[in-house]
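# A structural walkthrough
In case you want the letters, here they are:
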Amino acid sequence: MATGDQSKKRKQHYRPQNRPVKKKGAYPLKPGVQGFFISCDGGREYQASQEAINVIDSFFEELMNGTDTKVKPGLFDNPINKKVTFSYSEDEDEDEDEEEAEGNNDKEEEENKGDEEKKEVTEDGDNQVNEKELASEGSCEVKQLVETETEKDKEDEEKEKNGVDEPPRKKACLEEANPLAKVNENAEKSIDKLIEAELKELGDKSKRRFMKLDPGCNGLVFIQMKRRDGDPSPKDIAQHAMTSAAATKKHMSRFILRLLPIEVSCYPSEEEISRAIKPLVEQYFPVETSNPRKFAVLYGARANTGLDRMKIINTIAKSIPAPHKVDLSNPEMSIVVEIVKTVCLIGVVEKYKELGKYNLRQLTSTN
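Residues numbered from 1 in each chain as written. Predicted model: local features only at pLDDT ≥ 70, side-chain atom pairs only at ≥ 80, totals over all residues. Heavy atoms only, no water.

### Topic: the overall build of the chain
Quick note on the threshold: Secondary structure is summarised from DSSP: a helix means a run of H or I of at least four residues, a strand means a run of E of at least two, and numbering begins at the N terminus for each. Between buried and exposed lies partly exposed: a residue is buried under 20% and exposed over 50% of the maximum accessible area for its type, with that area taken using a 1.4 Å probe on protein chains only. Per-residue and other accessible areas were derived by the Shrake-Rupley procedure at a 1.4 Å probe size, with only the shown protein chains allowed to occlude residues.
Per the secondary structure count, the chain includes eleven helices and ten strands. Taken over 367 residues, the chain has a buried fraction of 29%. Accessible surface, the chain as shown: approximately 26,700 Å² in total, 48% of it carbon and sulfur.

As structure tokens, then:
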């Protein structure tokens, strides 16, 4: 007993202010959350979580602002490449001939302009113009130039007699610039206030829309979404991300592999799964419908070998009403079931095979 009391005293002695040390890092994954289940490169979970938050937030803002990308039906059948023309093609020869003709026309126009501009005006001490050159060229533009010069000289003489000076232009420019500067200062102040408010929201974890959770497995990341009124569902965000990635082939991330939407999470038991999946069934597989859908169940388990795979799949398939049928070869909707330790994650996706099994790296690869 004495040795045990001594060990407890030593542990308490090294704690700050005799309080238990809080665990650092992300919060653990628990049932009752929704968000995004992400697979990444092993050992790059932190970088992948930061990338995932940025990518998901960008697509979330696109959906909120209404900038959804519309994909044409036959867009991915043809390669997205520019037209290649060879040196021996007829089209290129015709283009070269047209370019040469245009170059000759430009040269002729420049020569004509040069002839017109070769008009000289000679002035003597009394601002007199050579009348012979005016008569030979017969142009009205030279006369107009002379008249304007004489008028300017007369105006200058009158101003010198009256003692009137021109007002400085710099003062007027400064006076005009002052209201603009005030507007810019107000705009900068308002932007600074908005940035400060946004930083305060980001600092407060309770107001964050997207936050990472630790699933406790290597190569996995979970991004929790705290959904508010009017926000799109994780399914809409993930589908928008995949369709835009397939359409643009734009490289979005370095460490993210697969991004799956999760709308329901519970404990991995048959009773809990059949109870938790009811809202998804009512939303995506209604009983009274004129368009029955074909579906398939995608099962995956990590760090959990005590569950029977077929029992979980059968419980989900039995919860889907009769008009909808199972089709493993060509399903319209796929029900994703991912079990991580003691948490079961469930989501619904569309066009799972057509969109590269929701693998961002596969969709954006050019090979």
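What follows picks up the thread again.
### Quick look at the packing of aromatic side chains
Rules: Centres within 6.5 Å make a pair out of two Phe, Tyr or Trp rings, where for Trp the six-membered ring is used; the pair is then stacked when the planes are under 30 degrees apart, edge-to-face when over 60, and tilted otherwise.
The full count for this structure, using the stated rule, is four aromatic pairs. Taken together, the ring pairs connect Phe 36, Phe 60 and Phe 210 into an aromatic cluster.

### A few points about the nonpolar core
Filter applied, for reference: Within this scheme, the nonpolar core is defined by two criteria: the residues are buried Ala, Val, Leu, Ile, Met, Phe, Trp, Tyr or Cys, and they are joined through side-chain atoms within 4.5 Å. Contacts are assigned to residue pairs that have any heavy atoms within 4.5 Å of one another.
Core analysis: the largest hydrophobic core is formed by 42 residues, its most contacted members being Phe 36, Ile 38 and Ile 56. Beyond its immediate stretch of four places on either side in the chain, Ile 38 contacts Ala 52, Ile 56, Gly 219, Leu 220, Val 221, Ile 223, Ile 256, Arg 258 and Leu 259. Of all hydrophobic cores here, the second largest spans 23 residues; its members include Ile 320, Ile 335, Cys 344 and Val 348.

### Digging into helix H10 (residues 309–319)
The condition is simple: Each C-beta atom gives one direction from the helix axis, and the arc is the one those directions make.
Listing the buried residues of H10 in full gives Ile 312, Ile 313, Thr 315 and Ile 316. Along H10, the residues classed as buried sweep out an arc of 160 degrees about the axis, all on the same side. The secondary structure elements touched by the buried residues of H10 are helix H8 (270–276), strand E7 (294–302) and strand E9 (333–340).

### A word on empty space enclosed by the protein
Quick note on the threshold: Of the grid points, spaced at 1 Å and generated over the protein atoms alone, those admitting a 1.4 Å probe that cannot get out make up cavities, while open sets with protein on both sides within 12 Å along at least five of seven lines make up pockets; any residue with an atom within 4 Å of a point is treated as lining. Grid points are joined across faces, edges and corners, and a volume is the space filled by probe spheres set on the points. Side-chain classes are defined by residue name, with Ala, Val, Leu, Ile, Met, Phe, Trp, Tyr, Cys and Pro counting as nonpolar, Asp, Glu, Lys and Arg as charged, and the others, Gly among them, as polar.
This structure, assessed with the given rule, holds two cavities of 30 Å³ or more. In this structure, the second largest cavity occupies an estimated 40 Å³ of space. Lining the second largest cavity are His 251, Met 252, Ser 253, Ile 256, Leu 360, Arg 361 and Thr 364. Ranked by the residues each element gives to the lining of the second largest cavity, the list is headed by helix H11 (residues 360–364), at three residues. Of the residues contributing to the lining of the second largest cavity, the split by class is three nonpolar, three polar and one charged.

### What to know about the environment of Pro 261
Within the secondary structure, Pro 261 sits in strand E5 (residues 256–262). When the C-alpha atoms of Pro 261 and Leu 345 are compared, they prove to be 9.3 Å apart, with 84 residues separating the residues in sequence. Here Pro 261 is in contact with Gly 35, Phe 36, Pro 234, Lys 235, Ala 238, Gly 347, Val 348, Val 349 and Tyr 358, once residues within four sequence places are set aside.

### A look at the sheet that holds strand E1 (residues 27–28)
Here is the rule we go by: By definition, two strands form a pair when at least two bridges between them are found by DSSP. Note on geometry: axes are lines fitted to C-alpha atoms, helical ones only across the stretch in contact, with angles between N-to-C directions running from 0 to 180 degrees.
If you trace the five strands from one edge of the open sheet to the other, you get E1-E3-E4-E2-E5, paired in mixed fashion. Looking at which strands have only one partner, the edges of the open sheet turn out to be E1 and E5. Here helix H2 (residues 45–65) sits on the sheet in contact with strand E2 (35–40), strand E3 (210–214), strand E4 (220–225) and E5, set at roughly 35 degrees to E4. The strands touched by helix H7 (residues 234–248) within the sheet are E2, E4 and E5, with E5 carrying the most contacts at an inclination of about 150 degrees.

### Looking at the packing of H2 against H7
To keep things clear, this is the line we draw: Our angle categories are set so that under 35 degrees counts as roughly parallel, over 145 as roughly antiparallel, 65 to 115 as roughly perpendicular, and the remainder as oblique.
One can describe the packing of H2 onto H7 by two numbers: an axis separation of 9 Å at closest approach and a directional angle of 100 degrees. In terms of orientation, H2 and H7 fall into the roughly perpendicular class. Facing H2, whose interface residues are Ile 56, Phe 59, Phe 60, Glu 62 and Leu 63, H7 presents Asp 236, Ile 237, His 240, Ala 241 and Ser 244. By residue class, the composition of the contact of H2 with H7 is six nonpolar, two polar and two charged.

### A few points about unusual backbone geometry
We note that Ala 303 has phi near 55 degrees; this positive angle belongs to a residue other than glycine. By the secondary structure assignment, Ala 303 is in the loop between E7 and H10. Classification of Ala 303 as exposed rests on a relative accessible area of 60%.

### Here's the deal with the confidence of the model for the chain
Note the following rule: The pLDDT value tells you how sure the predictor is about a given residue, anywhere from 0 up to 100.
In this model, the chain carries an average pLDDT of 75, and 57% of its residues clear a pLDDT of 70 or more. Every residue in residues 170–175 is under pLDDT 50, and counting partners more than four places away or in other chains gives zero contacts.

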